[in-house]
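# Per-entry structural report
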Amino acid sequence: MATLVLLRHGESVWNAKGLFTGWVDVDLSEKGEQEARTGGRLLAEAGFTPDVVYTSTLKRAIRTANLALETADLLWLPVRRSWRLNERHYGALQGKDKAQTRAEFGDEQFMIWRRSYDTPPPPLADDDRYSQVGDPRYAHLPQEIVPRTECLADVVVRLLPYWYDQIVPELSAGRTVLVAAHGNSLRALVKHLDGVSDTEIAGLNIPTGIPLVYDLADDFTPRKPGGEYLDPQAAAAAIEAVKNQGKK
Ligand SMILES: O=C(O)[C@H](O)COP(=O)(O)O
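We now turn to the structure provided with this report. Owing to the predicted nature of the structure, the values given are computational and were not obtained by experimental measurement. (Residues numbered from 1 in each chain as written. Predicted model: local features only at pLDDT ≥ 70, side-chain atom pairs only at ≥ 80, totals over all residues. Heavy atoms only, no water.)

What follows deals with the site of the ligand. Around the ligand sit 13 residues, and of these T21, Y90, K98, R114 and R115 come closest. R114 is positioned such that a nitrogen or oxygen atom in its side chain is 2.5 Å from an oxygen atom of the ligand. Here the ligand loses 99% of its free accessible area of 310 Å² to cover by the protein chains. Here the shell around the ligand gets 3 residues from one element, more than from any other, and that element is helix α4 (residues 98-115). Split into classes, the residues belonging to the shell around the ligand amount to 3 nonpolar, 5 polar and 5 charged. (Near = heavy atom within 4 Å. Polar contact = N/O pair within 3.5 Å; in protein donor to acceptor, adjacent residues only side chain to side chain. Areas by Shrake-Rupley, 256 points an atom, 1.4 Å probe, with all protein chains shown as cover. Helix = DSSP H or I, 4+ residues; strand = E, 2+ residues; numbered from the N terminus. Nonpolar A, V, L, I, M, F, W, Y, C, P; charged D, E, K, R; others polar.)

See the structure below:
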């Protein structure tokens with residue numbers, strides 16, 4: 001059996017403003033910094049000591065891991081980072097207000113772009129102020145694979161190679177793994193772990209800053225479907241809030 005801990009970054013400054021974020025590298029809000037520390041406290045109190053930490057290349061996830069590890073006095077742990085754990089690229093919606101988008105295009109189109117499995121938002125122009133084209137952290141990649149937009153299915157495709165090649169071997173060795181990432185990259189991983197259907201996944205939301213623990217069997221199936229939040233009551237309230245984003 002192996003233990004996987006998933007941690008969505010704390011509230012970001014654009015989460016607080018109700019803006020679509022995607023690959024735009026915004027920081028944590030003060031509330032998000034406190035959420036990250038609370039996540040570290042919950043891990044320590046529950047006695048979870050990761051052996052290795054994985055983050056995306058975006059500062060809201062990187063700093064969430066740092067603050068959580070600092071709180072748990074575990075800053076010494078090895079940390080590995082990959083673009084494959086980045087948030088879903090939100091295309092031309094990056095930087096747009098969620099409520100305004102919902103009002104302008106209607107509930108149905110808003111939910112298709114936000115929560116459908118296989119319909120991406122319109123692509124973001126390479127010269128847009130919120131484009132990641134030319135960002136040095138992706139310079140090593142063939143530029144044609146730097147996304148201009150993504151649906152959740154695209155995230156599954158680019159995340160799973162990292163899951164199988166980098167994370168699964170650690171779990172196979174019985175090591176506890178902490179993944180600090182994003183709402184939609186974690187939704188993609190949870191979909192894979194729990195075998196959530198392409199339609200059911202639309203209703204699954206991940207709260208910020210609350211560790212989600214999976215005890216995995218030898219075949220990496222969860223012993224408890226859906227895992228277990230270390231603060232279930234706070235998670236339930238936060239999940240509802242994520243679900244209702246964009247509603248005035
Ligand atoms: O990228 C974003 O906008 C958020 O982190 C995730 O947004 P969502 O919950 O609306 O997909």
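There is more to say after this.
The subject of this paragraph is helix α6 (residues 183-194). Given 3.6 residues per helical turn, the α-helix brings residues three or four places apart onto the same face. For α6, built from 12 residues, the straight-helix expectation of 16 Å at 1.5 Å per residue is met to within 8% by its first-to-last C-alpha distance of 16 Å. Here α6 lies mainly inside the structure; 10 of its 12 residues are buried. Residues of α6 that are buried include every one of G183, N184, S185, L186, R187, A188, L189, V190, K191 and L193, and no others. Elements in contact with the buried residues of α6: β1 (2-8), α4, α5 (152-172), β4 (177-181) and β5 (212-216). Directly beyond the C-terminal end of α6, a positive phi value near 65° is found at G195. (Expected span 1.5 Å × (residues − 1). Buried < 20%, exposed > 50% of the residue type's maximum accessible area, 1.4 Å probe, protein only. Contact = heavy atoms within 4.5 Å.)

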